[in-house]
Amino acid sequence: MRSKVVLRRLIANRQARYGSIALLLLVLVAYIGPYFGAYAWTEKDFLAFLSPPDADHWWGTTSIGQDMYAITLRGMQKSIVIGLLVALISTGLAAIVGAFAGYFGGWADRVLMWGVDLLLVLPSFLIIAIISPRLKAGSSWLWFVVLLAAFSWMITSRVVRSMTISLREREYVLAAVYMGIPRWKIIFRHIVPNLSSLLIIDATLNVSAAIIGEAALSFFGFGIQPPDVSLGTLIAAGSGNATGYPWLFAFPAGALVLLVLSVNLIGDGLRDALDPGSNS
Amino acid sequence: MSILEVKDLTVTFPGGVQAVRGVSYEVERGEVLGIVGESGSGKSVTSLAVMGLLPPNAVVSGSAKLHGRELLGMDDDELVKIRGKAISMIFQDPLSAFTPVYTIGDQIAEAVRIHQRMAKDKAAKRAVELLDLVGIPHPDVRAKAFPHEFSGGMRQRAMIAMAIANDPDLLICDEPTTALDVTIQAQVLEVLKTAQQETGAGIVMITHDLGVIAGMADRVLVMYAGRPVEQGPVDDLYYRPRMPYTMGLLASIPRVDGEEGPLVPIEGNPPSPSSLPPGCPFAPRCPMRVDMCDDEEPPLIPFGPGGGRSVACIRSHEIEHKGLTGADVFPVPVIPPSEVVRVPRAERATVLELDDMIRHYPLMKGAVMKRRVGTVYAVDGITFDIAEGETLALVGESGCGKTTTLQQIMQLAPPEGGRVVVLGKDSAKIDKAMRRALRRDVQIVFQDPMAALDPRMPVQDIIAEPLRAHGRKDVRARVAELLELVGLSPEHAERYPSQFSGGQRQRIGIARALALEPKLLVLDEPVSALDVSIQAGVINLLEELKNTLGLSYLFVAHDLAVVRHLADRVAVMYLGKIAEIGTVEEVYDHPAHPYTQALLSAIPLPDPEMERTRKRILLEGDLPSPANPPTGCRFRTRCPKFATQLDEAQRQRCVDEEPSVARLAGAVDHGAACHYAEEIEVITASDDQEEK
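Each chain carries its own residue numbering, running from 1 in the written order of its sequence. As they are written, the chains are lettered A onward and the ligands numbered 1 onward, keeping that order. Per-residue local features of the predicted model are confined to residues with pLDDT of at least 70, and side-chain atom pairs are confined, for both listing and counting, to 80 or more; whole-chain, interface and lining totals are unaffected and use all residues. In computing side-chain values, all of the structure's heavy atoms are included and hydrogens and water are not.

Draft legend 1. Spatial organisation of the side chain of Gln 77 of chain A. All names here are of chain A. Each helix is a run of H or I in the DSSP string that is no shorter than four residues. Each strand is a run of E no shorter than two, and both are numbered from the N terminus. Along the chain, Gln 77 turns up in helix α3 (residues 68–104). Between buried and exposed lies partly exposed: a residue is buried under 20% and exposed over 50% of the maximum accessible area for its type, with that area taken using a 1.4 Å probe on protein chains only. Among the residues examined, Gln 77 registers a relative accessible area of 16% and is labelled buried. The term polar contact refers here to a pair of N or O atoms within 3.5 Å; inside protein, the definition further demands a hydrogen-donor-capable atom paired with an acceptor-capable atom, and it admits residues adjacent in sequence only when both atoms are side-chain atoms. Looking at Gln 77, its side chain comes within polar contact range of the main-chain oxygen of Ala 30, at 2.8 Å.

Draft legend 2. Up close: the UniProt feature "domain: ABC transporter" (unreviewed entry) in chain B. Taking the UniProt record as the reference, the feature "domain: ABC transporter" (unreviewed entry) is found at residues 4–250 and 352–600 of chain B. Within residues 4–250 of chain B, the helical portion is 40% and the strand portion 26%, while the C-alpha atoms at the span's ends are 28 Å from each other. UniProt positions are given in the numbering used here, feature names are shortened, and annotations may be inferred rather than shown by experiment.

Draft legend 3. Quick peek at the packing of helix α18 (residues 502–514) of chain B against helix α19 (residues 532–549) of chain B. All names here are of chain B. Where α18 meets α19, the closest approach of the two axes is 10 Å, and the angle between their N-to-C directions is 15°. One finds that α18 runs roughly parallel with respect to α19. For the element pair α18 and α19, the recorded crossing hand is right-handed. In this structure, α18 uses Gly 503, Gln 506, Arg 507, Ile 510 and Leu 514 to contact α19, whose residues at the interface are Ile 534, Gly 537, Val 538, Leu 541, Leu 542, Leu 545 and Leu 549. For this classification, the nonpolar set comprises Ala, Val, Leu, Ile, Met, Phe, Trp, Tyr, Cys and Pro, the charged set comprises Asp, Glu, Lys and Arg, and every other residue, Gly included, is treated as polar. Along the lines of polarity and charge, the residues of the contact of α18 with α19 split into 8 nonpolar, 3 polar and 1 charged. Axis lines are fitted through C-alpha atoms, for helices just across the contact stretch, and the angle between N-to-C directions can take any value from 0 to 180 degrees. The scheme is simple: roughly parallel for angles under 35 degrees, roughly antiparallel for over 145, roughly perpendicular for 65 to 115, oblique for anything else. Two helices crossing with the near one rotated counterclockwise from the far one by less than a right angle form a left-handed crossing, whereas a clockwise rotation gives a right-handed crossing. We call two residues in contact whenever any of their non-hydrogen atoms come within 4.5 Å of each other.

Draft legend 4. Representation of the interface of chain A and chain B in the model. At the interface, 27 residues of chain A touch 30 residues of chain B. Summed over both partners, the accessible surface that disappears when two parts come together, traced with a 1.4 Å probe, is what is meant by buried area. Across the interface of chain A and chain B, roughly 2600 Å² is buried in total on both sides, 55% from carbon and sulfur atoms. We define a salt bridge as a contact between a side-chain nitrogen of Lys or Arg and a carboxyl oxygen of Asp or Glu at a distance within 4 Å. Remark: the boundary between chain A and chain B carries 3 salt bridges. Scanning the region where chain A abuts chain B turns up 11 residue pairs in polar contact (both at pLDDT 80 or more).

Draft legend 5. Representation of the nonpolar core. All names here are of chain B. To qualify as a nonpolar core, a set must consist of buried Ala, Val, Leu, Ile, Met, Phe, Trp, Tyr and Cys residues joined through side-chain atoms within 4.5 Å. Ranked by internal contacts, the top residues of the largest apolar core, which has 77 residues, are Ile 510, Val 563 and Tyr 588. Among the elements that make up this core, the one with the highest residue count is α19 (7 residues). These domain boundaries are the output of an automatic or database domain assignment. Residues lining this core come from more than one domain, with at least three contributed by each of domain 3 (340–576) and domain 4 (583–691). The residues touching Ile 510, leaving out its near neighbours within four places in the chain, are Val 445, Val 486, Val 538, Leu 541, Leu 542 and Leu 545.

Right, dumping it as structure tokens:
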């Protein structure tokens, strides 16, 4: 019943509709767009270094003659998947760990929060640097997602935990206990939905953080390696020349902004759909 | 000449919310004007507008004159000079009305020094005097205490002391006793009367409690949907209400001296201030509605001989002529009698049995090395049982252990001491599967209908939750059936709790509790969060469900009037112990324990004549901490009998020996835990009490 009601409210929500359409379009552009471009992302045009956008190179070229249109779309393909997955995993992990720690308290709380604190104080780059040589052989983008997610959920989970502690005392949670509903079900049915506003905001922020963060991780030899590109590496490379050769920076950054914006819209819509207090 | 003169006051909030729509009243010197209304009727907004305390986006029009000086539109610098000096306000929640980081004495002294040129030490002295005036013991010591060190009743007294610090001409009291227990409420109302005599101020008393108004007010203004609908001297209005809303309100309140039988409910809900019905706003709920009522809103016009009385109803003369009362006008539902009750109590099955149940909480200290520094004796050995089809009410003030008892029962876990036997099964001897199965038969309805329903779940899911948890298949049909049972429309199953009014939400809570067809329903203050006009409907529903479904209720409440109406037996708790237990008739008509007597005499009756003549047994002080209860009889520190009627040897017994519940001679089902139990009448005959 709830899922049906929420889905109907979500569909009725204008923000969510526009957001999903925008995200769908971005995905389509990322995967189908390259077929319309004149150049492949691997090609280099040695006649046009750092040329501004024109009829031939729609979004200009890089310093080694790569077509910006082709490589931006190529980067988008990776970044959309990585961004969304990381956001889902890290927010999901934060919600589950935080809610379980907060709800059960005592022993479970201490162990989980000890783990969270440990992950917070350990410099994530150090861990990644230690792990990276071992994974290098099979370093697929999935590992990449796992590592990014593993180091971005802790603070949220602490927030979730403290909110859960106050929710735990609510009468509707007590009512569920007295009905004989298992505790893990109470967490997923009563606690997590009531944290959804926070979790949705966190997830949308995580999308952009993951896409930017991926560039930093590439430095350690993970996932996207040159000559392959991602939005993160493109933005990192282009930001130095943002004023002189704006197209190097503007197109990947613009793609990122559009991506985050559409996720934001979906998030807002979802939040409104889940929140009975909103009128939309 | 009147102190305050309010004329055609209107307050509109952004979004077209007309909170107040034309209120006019006058307050004379030394007069108490009671403003009654349900939540959302605009009674608080009216007074905030007079004080100039509304948020800046509220649009206020009309006039409010203090001694002929217009208050509305006065700029803040001038208002500051009036607030606290000419007009003072007493708020509902005294904890949030004091700044937590300053001592009470400093805050009162500050109030004095703001409006009077006075040296610091003199102001401090005045603060102590004021605290003494409002009856705070050891005022010189207590003045140095911080707000959190005061109990609720003490804080409200201090608030009154602060309000009268500058001899105001007008006191506005906004629900001054709503957050307090009845015995404390009686104390505070007494202090308010003293304060009024001391200052000669006029008082505007805003409350929803018709009992409090009956005892305090000289004149009453009844508000509905932002407008006064009836106004008049208190006796006239209470004995001869001429507007159907007032009539319904007066008829719908359960009375502690009242009869059994269904209450008079007012159907429907108060209209939302942003979408008022055309014509009379009460028309949709009014049993006397005629087509003309929808044409235009009736103005508040003078009524009857003598003046001072005005009514806003087009049929008021007809009501006067026929001498109608609330019970005549409003349809009283017929509640089918219970089948079970025909069997004598002794032969009925026992649904719940508590045998010397104990629940103590440890008091811990220290962050790292926790050590036990004491014990809170929350529930300290209580014994009672509930037979099939019976309602046992557990009454007592906050902190007496009612809620702890409930939780202990609902947890179905082994208690710390004693036994809890639910439907013949001892909670200490059942395994996990059995406990789960037992949960079907014991369900709970919570106090706050907003907090008890998950705000993010549609009603369908809320009611279906227990059904699914216990593996019922026909969920959808059952939910519709349950919604109908509690008087809601099954079409509303897809809505969220926030889309319902308080009374409707409580009905949803009841539907959820009934989903598994329990045998015992635990009701934790089920109507105390509801408005008076809604309350009656829910009480009737509970009564009807009990009779038709053969339920047993364990009913926890602090409102003794509701208890009288709904319960068969009543157990009065004091500091984790039962003070008195017995059938409702016995306990209410012949209370034997001094605490029960005080409790019953403290309840305000919605009857001005009786309120004036009746003699109150006022209790001294506050409830002692359950972490450090007095030796012997726990009530002796506040017991009026202990203080005035007993001799030294008798007192010694109270100090040394803890009384246990003993059956009173000559009563079938009535026991009291007092060494010197003596039955007296408290409620009806106030005269012979005086003789004693």
